[in-house]
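# Descriptive structure summary
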Amino acid sequence: MSQAPAAKPNPLLEIGITILLPALVLMQLSSAERLGPLRALLLALAFPLAWGLWDAVKRRKLNWMAVLGVVSTLLTGGIGLLALDARWLAVKEAAVPGFIGLVILGSIWARRPLIHLLVFNASLFDVERVNAALQSKGNQAAFNTRLRQGTALLAMTFFFSSVANYVLARAVVTSPAGTEAFNQELGRLTLLSYPVIAIPSTVMMMALLWWLARQAKQLTGLDMGDMLHQG
C-alpha cells in the first residue's frame, strides 16, 4: 500500500510562524522589564528554526532552501549574540540570496541547469509529456537553450533580492546588536522584508514561469493546460 504524500504546508501558517511571531516578540518583548534583548532574540529565532526543522522531519528529506533558511537564522542569532556591527546583518541578508543566485548562474554550464529543480519540475509541469512533444518536433535542443536563458533570469531574481535585502537592512537596522533598539529594528525589518522583497520576488518568479510555459508551448504545440501538472 503506497504512502500518501505529505500535505503541503499552509502558507499563511508559515508566514505567521516565521515572520509575524518573531517580529512581535522582537518588538514587544525586548525591553528589560519583559524578556530583555538576548532572550527575546533567542525566542524570536526559535520560531523559524523550529519550523524549518519540523518541515524537514515531516517531509522526511532535506529541502536545500529550508536548510539555507535555518543557516540564515543561525547567522542572525550569531550576529546578535556576538554584538557585531549592524552592517554585518546587512551583509548576511544580502549574502544568502546572492550565494543562491551565483550557484544558479553557474549551473547554466552544467548538464542540468538548476531551473530544472526550481521551476521546470514534475510538481509544476508534466515533464515527460513536454519532453516527448519536444522530441517529436525536434525542438529539444532549442528548449534546452530556453532553459539556460531561464536559468539566467532566475539568477537575476535572487540578485535583485540580494541588493534589496542589503539596502533595506542598512536603512532599517542601525543600532548596535544586543540592544533593545536592535531587536526593535530587526522586528521591523522582518515585517518589511515580506512586502518589499518577498512579494516582488514572487511576482518575478511567476513571470518567469509564464515565460517558460510560453516558450514550451511554442516549441511543443501543447496547450498550457496540457503542459502543467494537474496532480
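Structural notes, computed from the coordinates. (Residues numbered from 1 in each chain as written. Predicted model: local features only at pLDDT ≥ 70, side-chain atom pairs only at ≥ 80, totals over all residues. Heavy atoms only, no water.)

On the secondary structure map, Leu-228 appears in the segment after α9 (224-227). Separated by 86 residues in the primary sequence, Leu-228 and Ala-142 place their C-alpha atoms 19 Å from one another. (Helix = DSSP H or I, 4+ residues; strand = E, 2+ residues; numbered from the N terminus.)

Bringing the pattern of salt bridges into the picture now. Counted by the stated rule, this structure contains two salt bridges. One salt bridge in this structure joins Asp-85 and Arg-87, with 3.2 Å as the shortest N-O distance. One salt bridge in this structure joins Lys-92 and Glu-93, with 2.5 Å as the shortest N-O distance. Both residues of the pair, Lys-92 and Glu-93, belong to the buried class. (Salt bridge = Lys/Arg side-chain N within 4 Å of Asp/Glu carboxyl O. Buried < 20%, exposed > 50% of the residue type's maximum accessible area, 1.4 Å probe, protein only.)

The next subject is the packing of aromatic side chains. All told, the structure shown has one aromatic pair when counted by the stated rule. Aromatic side chains Trp-51 and Trp-54 sit 5.2 Å apart centroid to centroid with 40° between the ring planes, which places their arrangement in the tilted category. With Trp-51 and Trp-54 both in helix α2 (residues 37-59) and three residues apart, the pair spans about one turn of that helix. By relative accessible area, which is 10% here, Trp-51 ends up buried. Judged by its relative accessible area of 42%, Trp-54 is partly exposed. (Phe/Tyr/Trp six-rings, centres within 6.5 Å; stacked < 30°, edge-to-face > 60°.)

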